[in-house]
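# Structure at a glance
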Amino acid sequence: METKVATKTISVGVIGTGGMGTRHATNLHRFIGGAQVAGVYDLDKGHATQAAAQCGEATVFDDPMKLIQDDRIDAVLIASPDGTHAEMTLACLKAGKPVLCEKPLATSVEDAVKVLDAEVALGRKLISVGFMRRFDPHHAAVKAAATSGEIGRPLLWKGVHRNASVAFGITGATILTNSAGHDFDSARWLLGEEVQEVYVRGLLSRPELHADTRDLLLVEMFMSNNCMATAEVYVNAEYGYEVSAELVCQRGTVTTEHADKALVRAKANRGYFVASDWLNPFQDAYVAELINWVDSLQGKDSFHGATAWDGYVTMMVTAACIQSLNTAAVAPVKLIEKPSLYSK
Ligand code: ISE
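Residues numbered from 1 in each chain as written. Predicted model: local features only at pLDDT ≥ 70, side-chain atom pairs only at ≥ 80, totals over all residues. Heavy atoms only, no water.

## What to know about the site of the ligand
Lining the immediate surroundings of the ligand are Lys103, Met132, His161, Asn163, Asn178, Ser179, His182, Tyr241 and Trp278. Residue Ser179 places a side-chain N or O atom 2.6 Å away from an oxygen atom belonging to the ligand. The fraction of the free accessible surface of the ligand (300 Å²) that becomes covered by protein chains is 90%. For the shell around the ligand, a count of residues per class yields three nonpolar, five polar and one charged. (Near = heavy atom within 4 Å. Polar contact = N/O pair within 3.5 Å; in protein donor to acceptor, adjacent residues only side chain to side chain. Areas by Shrake-Rupley, 256 points an atom, 1.4 Å probe, with all protein chains shown as cover. Nonpolar A, V, L, I, M, F, W, Y, C, P; charged D, E, K, R; others polar.)

Structure representation (structure tokens):
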């Protein structure tokens, strides 16, 4: 990540102040000493104004492009709807500003390639992508155990990704683009290998849903170096939100721990609460991601999270998964050669 003058407070503009954008903005304001929220934008100006009020002195912009170009903004955090990410990220590159873009980096292969090409042409890594599981302590512990060498090399990644519910009529393609991207990134990152082929099947969990819905997906990934990965992505699990990952290694396995540690006795039951969405289970990860991002902008550290290359690869895997789901056949993932910018 590019360096700025060390210790300069980074003025961040936040685009999109729905649940995720507001969480990032308030995390920046409360927990990140080296940054301030200087601007916010949302299509719903009322939302933007509410978020600004929680973050001190932020200016409410009425146009995201003006926020990106404004001299008072050093860096941009994009948390607007998925379909806007590529265009906003390209505008940040044009303005020469670092950007932390929520996943997905793009919603089509064409746009992902456009963004990657633009950054490679610029020759500077300005883009970071919000695959926050890379900063989650539970996932990081799995990575550390796997790379310790104690249990041999990882062979298989197994993921479970459950959401309580999603909007009526959502398609398998949207779930693969919006939700499953986390699993593709987690598998690549934890195995340290690239996806070569995928096979996806999906089903409709309840007859009362739209007939085209595929809300329970099984994804199989065949990876480089003779590794495999498999994910259950179920977005209408009703009971709550859960994510886990397990690595089967040559001489042992390692699995993420659940975040909720308190034993609760209530309603003739003894057990653990389950979160209703991702904001609290991944709160530590969101904060760690922001700390590392801002440190990298201040020249104190390099950014350890996902780059535009990872965002591009995820979109390529997503497109292959959509093809596989539609054809019930194995689909190849054909990546371009990794530009040298991302090997540094
Ligand atoms: C959401 O946008 C997220 O990022 C969550 O982590 C994921 O679990 C959910 O499916 C997405 O919609």
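## So, the packing of aromatic side chains
The way to describe two aromatic rings as a pair is by their centre distance and the angle between their planes. Counting across every chain of the model gives four aromatic pairs. Plain terms: the ring middles of Phe135 and Phe303 are 5.8 Å apart, the flat faces sit at 40° to each other, and that makes the pair tilted. Of the two residues, Phe135 is situated in the loop between strand 6 (127-129) and helix 6 (137-147) and Phe303 in the loop between helix 9 (283-297) and strand 15 (306-307); the sequence distance between them amounts to 168 residues. As far as burial versus exposure is concerned, Phe135 and Phe303 are alike and both buried. Look at Tyr241 and Phe282: their rings are 6.5 Å apart centre to centre, the planes differ by 80°, and that puts the pair in the edge-to-face class. Taken together, the residues Tyr241 in the loop between strand 10 (227-234) and strand 11 (242-249) and Phe282 in the loop between strand 14 (269-271) and helix 9 connect sequence positions 41 residues apart. The same class applies to Tyr241 as to Phe282, namely buried. Cluster of aromatic residues (ring-pair linked, three or more members): Tyr241, Trp278 and Phe282. (Phe/Tyr/Trp six-rings, centres within 6.5 Å; stacked < 30°, edge-to-face > 60°. Helix = DSSP H or I, 4+ residues; strand = E, 2+ residues; numbered from the N terminus. Buried < 20%, exposed > 50% of the residue type's maximum accessible area, 1.4 Å probe, protein only.)

## Overview of the pattern of salt bridges
Considering all chains together, one arrives at 14 salt bridges under this definition. Of the charged contacts in the structure, one is a salt bridge between Arg162 and Glu242, with a shortest N-O distance of 4.0 Å. Separated by 80 residues along the polypeptide, Arg162 in strand 7 (residues 154-162) and Glu242 in strand 11 bring together distant segments of the chain. The exposure class assigned to Glu242 is partly exposed, which follows from its relative accessible area of 22%. Here the salt bridges do not stand alone but share partners, grouping Arg134, Asp185, Arg188, Glu194 and Asp310 into one network. (Salt bridge = Lys/Arg side-chain N within 4 Å of Asp/Glu carboxyl O.)

## A few points about the nonpolar core
Core analysis: the largest hydrophobic core is formed by 69 residues, its most contacted members being Val76, Trp157, Val198, Met221 and Leu247. Among the elements that take part in this core, helix 10 (residues 308-327) stands out by supplying 10 residues, more than any other. With sequence-adjacent residues up to four places away left out, Met221 is seen in contact with Trp157, Asp183, Phe184, Ala187, Val195, Glu197, Val198, Cys227, Met228 and Ala229. Within the second largest apolar cluster, 32 residues are counted, among which are Ile10, Ala25, Leu100 and Phe303. (Core = buried A, V, L, I, M, F, W, Y, C linked by side-chain atoms within 4.5 Å. Contact = heavy atoms within 4.5 Å.)

## Comments concerning the sheet that holds strand 2 (residues 35-41)
An order of 3-2-1-4-5-6-15 is seen for the seven strands of this open sheet, with the pairing classed as mixed. Each edge of the open sheet carries a strand with a single partner, namely strand 3 (59-60) and strand 15. (Pairing = 2+ DSSP bridges.)

## Thoughts on the packing of helix 8 (residues 181-191) against helix 10
Taken N-terminus to C-terminus, the directions of helix 8 and helix 10 make an angle of 115°; their axes are 9 Å apart at the nearest point. As for the relative orientation of helix 8 and helix 10, their crossing is right-handed in sense. Residues Gly181, Phe184, Asp185 and Arg188 of helix 8 form the contact with helix 10, whose own contacting residues are Trp309, Asp310, Val313, Thr314, Val317, Thr318 and Cys321. Looking at the contact of helix 8 with helix 10, its residues break down into five nonpolar, three polar and three charged. (Axes fitted to C-alpha atoms, helices over the stretch in contact; angles between N-to-C directions. Left-handed = near helix turned anticlockwise from the far one by under 90°.)

## Thoughts on the pairing of strand 11
Relative to strand 11, strand 7 runs antiparallel, the two sharing eight bridges. Within strand 11, the residue paired with Pro154 across the bridge is Cys249. In terms of strand pairing, strand 11 meets strand 12 (residues 252-255) through four bridges, oriented antiparallel. Residue Leu247 lies in a different strand from strand 12, and its bridge partner there is Val254. Connecting strand 11 to the next strand, strand 12, in antiparallel fashion are two residues.

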